[in-house]
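Given next are the chains, with one letter for each unit.
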Amino acid sequence: MAWGLVFSGQGGQHPGMLPWLGEDALTRSVDARLGVADWRASLSDADWGARNAHAQCLLTGLALAAWSQLAPLLPPPAAIAGYSVGELAAFSAAGVFDASTALDLAQARAAAMDRCAAQTPGGLLGLSQCAPYVLARLLADSGLAIAIQNGIDSVVLGGPPAALGRAEAAAVAAGAHATLLRVAVASHTPAMQAAAADFAEQLASLPLARPRTPLFSNAADRIASAEQARHALAAQIATTVRWDECMDNLQARGVDRVLEIGAGQALARLWNQRHPSVPARAADEFRSAQAIAAWLART
C-alpha cells in the first residue's frame, strides 16, 4: 500500500472536528498555549476560532495530535504535503522538527502575519468554476494576486478588502462561484513580504533536519535538506501556493489512497476532482482512528 498524507490549512475549523481525537499531552499543550480549558468549547465562538493567533496554533497542534494517534496504526506514507499553515504539521510529520517546535513556529508565524496585516490589511477570496479569461480580467481590474492555485478554474485571490469585494461581485456576475474566506490577512501574496522576512529570521537559528519521508513544499518542490525546508517555510507566506502541482507530485509517487488530516474536507474534494481514480478522504469524516486505518488498508 502506498498512500499520501496531506494536512489542511485554516478556514474549516469547527467544534466537532476530528470527533475521534482523544485528549493527550499534545491537545492539552494546545489548550495551555491558547489559554483555554477546552479547545472544542472555544471553537463554538467562530470569531475566536478565525483569529490567526488561535487558528494557526490550534490547527497545527491538533493535526499533529491526530497524526501521533494514527501513525501507530498505519504504514508510513509514501509522500507528505501541507496546505498553507498545514505545512508546519507536514514538515513535522516528515521529521524536519518536533511537535513542540511546530507549535512555536505556528505562534510565531501567526504573529508575524498579524503584524504585517496591521500595516497592510487584506483578506482572501475563493473562486471556483472561474474561466481563465474571467480570472485574467479580475486580476487586471482589481490588482489582486493569486494566493493559491488549486486548479485551472479554482484559485484563491488575496489583497485589500475593498478590492476583494469588487472582485467577488464581478466573479459572480461572470458565472463563477466566489466566497470570501474567514482569513483576515492576504496570505501568500506580496503583501506579506515583511512577514515572510520576519519568519525567515526566526527560522534561521532553528536546528532543522532533513525529511525522513518524501515531502513536497507549497512551491511544489521536493524538500531534500534542512536548508530547503527553512527557505520554503518562510517563502510560502508571501508567494503563491501551487497546490495543483503538489497534488500532481503526490500522484506521481504512485499513491493509491490520500488521507487529509485537519478540519473539513476541502483538500480531499480538490484531490478527488483532480485525480478521481485515486480516492481521497478526510480524517474529519471518520468516527474512529481504527476506521481510518481500515479504509487505508482496503484494497
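This text goes with the structure placed above it.
An account of the accompanying structure is given in this report.

## Details of the layout of surface pockets
- Computed from the structure, the largest pocket encloses a volume of approximately 940 Å³.
- Lining the largest pocket are 38 residues; nearest its centre among them are Tyr83, Asn150, Val156, Ala266 and Leu270.
- Those elements giving two or more residues to the lining of the largest pocket turn out to be strand E3 (123-128), strand E4 (145-151), strand E5 (154-159), strand E6 (177-180) and helix H12 (266-274).
- The class makeup of the residues in the lining of the largest pocket is 14 nonpolar, 19 polar and five charged.
- Reported here for the second largest pocket is a volume of approximately 150 Å³.
- Taken together, Ser217, Asn218, Ala219, Asp221, Ile223, Gln228, His231, Ala232, Ala235, Gln236, Thr239 and Thr240 form the lining of the second largest pocket.
- Classifying every residue of the lining of the second largest pocket by side-chain character gives four nonpolar, seven polar and one charged.

## Some words on the packing of aromatic side chains
- Applying the stated rule across the entire model yields three aromatic pairs.
- Between Trp3 and Trp67, the aromatic rings sit 6.1 Å apart at their centres with planes inclined by 55 degrees, giving tilted as the arrangement. One end of the pair, Trp3, is in strand E1 (residues 3-7); the other, Trp67, is in helix H4 (residues 52-70), with 64 residues separating them in the sequence.
- According to the relative accessible area criterion, Trp3 is buried, its value standing at 0%.
- Note on Trp67: relative accessible area 12%, which makes it buried.
- Taken together, a centroid distance of 6.2 Å and an interplanar angle of 45 degrees make the contact between Phe286 and Trp295 tilted. No difference in accessibility class separates Phe286 from Trp295, as the two residues are buried.

What counts, and at which threshold
- Residues numbered from 1 in each chain as written.
- Predicted model: local features only at pLDDT ≥ 70, side-chain atom pairs only at ≥ 80, totals over all residues.
- Heavy atoms only, no water.
- 1 Å grid on protein atoms, 1.4 Å probe; cavity = no way out; pocket = protein on both sides within 12 Å on 5 of 7 lines; lining within 4 Å.
- Points joined across faces, edges and corners; volume = space filled by probe spheres on them.
- Helix = DSSP H or I, 4+ residues; strand = E, 2+ residues; numbered from the N terminus.
- Nonpolar A, V, L, I, M, F, W, Y, C, P; charged D, E, K, R; others polar.
- Phe/Tyr/Trp six-rings, centres within 6.5 Å; stacked < 30°, edge-to-face > 60°.
- Buried < 20%, exposed > 50% of the residue type's maximum accessible area, 1.4 Å probe, protein only.

Function cannot be inferred from these measures alone, as they are strictly geometric.
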